[in-house]
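# Structural overview for review
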Amino acid sequence: MRANDADIYAVFQYRKNLFETPYAHTLLAFAGSPDAPGKAIGMAMYFFNYSTWTGKPGLYLEDLFVDPEYRGKGVGKALFAELGRVAEEKDCARIDWQVLKWNQPSIDFYEKTLGATAMSEWLGMRLEGSQIQNLRQFRLPPA
């Protein structure tokens, strides 16, 4: 498989937005030992938000991935345990994330194993690209 321009651009964006200006943080799980970690088998990418309801920060899990070969072996639980440690350390009121409605195995893991609560009363909203640019029409003139 050959990388295309979009793949190369994404790598530069990750470098810029995770390491140069850390908008997000990433936990990595490796097969092996601390001395010889081996290959990466899982990751959890997160950032902090703030809740006006609780008056505290929150941790938002942007992406969670476990290599299919390692699913069911505790890697996801270990990543969530570390997210929990970070959330406690930062005094976060909650950990939030989204899951695709069709991803029933993940929903079952979150609800049955972790004890997570589905937030059915909330509807996700999004603006992208030109939609963000269209917000310019609502800017107030300079004073």
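Our structure is the block above this text.
## So, a nonpolar patch on the surface
Taken together, Leu127, Ile132, Leu135 and Phe138 make up a surface patch of nonpolar side chains, about 410 Å² in accessible area. Here isoleucine 132 shows up in helix α4 (residues 129–134).

## Points about the environment of leucine 18
The topology assignment puts leucine 18 in helix α1 (residues 5–20). It is 9.7 Å that separates the C-alpha atoms of leucine 18 and methionine 45, two residues lying 27 residues apart in sequence.

## What about helix α2 (residues 75–89)?
In a regular helix each residue adds 1.5 Å, so 15 residues correspond to 21 Å; α2 covers 21 Å between its end C-alpha atoms and thus fits that length. Of the positions making up α2, those classed as buried are Val75, Gly76, Leu79, Phe80, Leu83, Val86 and Ala87. All buried residues of α2 fall inside an arc of 130° around its axis, so they share one side. Summarising the geometry of α2, the exposed residues directed more than 90 degrees from the buried face are Ala81, Glu88 and Glu89. After α2 finishes, the residue aspartate 91 shows a positive phi value of roughly 55°.

## A few points about the pairing of strand β3 (residues 56–66)
The sheet contact formed by strand β2 (residues 40–51) and β3 spans 10 bridges and is antiparallel. By the bridge assignment, phenylalanine 48 is partnered in β3 with leucine 59. Hairpin connection from β2 to β3: 4 residues lie between these consecutive antiparallel strands, with glycine 55 at a positive phi of about 70°. Judged from the 3 bridges that link them, β3 and strand β4 (residues 95–97) form a sheet pairing that is parallel. Its bridge partner lying in β4, leucine 61 is registered against tryptophan 97. With respect to chirality, the unit in which β3 leads through α2 into the neighbouring parallel β4 is right-handed.

## Some details on the side chain of aspartate 67
One can find aspartate 67 in the loop between β3 and α2. Take aspartate 67: its relative accessible area is 17%, and that puts it in the buried class. Once you skip the residues sitting within four places of it in the chain, aspartate 67 turns out to touch Lys39 and Ile41.

Procedures and definitions
- Residues numbered from 1 in each chain as written.
- Predicted model: local features only at pLDDT ≥ 70, side-chain atom pairs only at ≥ 80, totals over all residues.
- Heavy atoms only, no water.
- Patch = residues over 30% accessible without salt bridge, like charges linked within 9 Å, V, L, I, M, F, W, Y side chains within 5 Å.
- Areas by Shrake-Rupley, 256 points an atom, 1.4 Å probe, with all protein chains shown as cover.
- Salt bridge = Lys/Arg side-chain N within 4 Å of Asp/Glu carboxyl O.
- Helix = DSSP H or I, 4+ residues; strand = E, 2+ residues; numbered from the N terminus.
- Expected span 1.5 Å × (residues − 1).
- Buried < 20%, exposed > 50% of the residue type's maximum accessible area, 1.4 Å probe, protein only.
- Arc of directions from axis to C-beta.
- Pairing = 2+ DSSP bridges.
- Right-handed = clockwise from strand over helix to strand, strands pointing away.
- Contact = heavy atoms within 4.5 Å.

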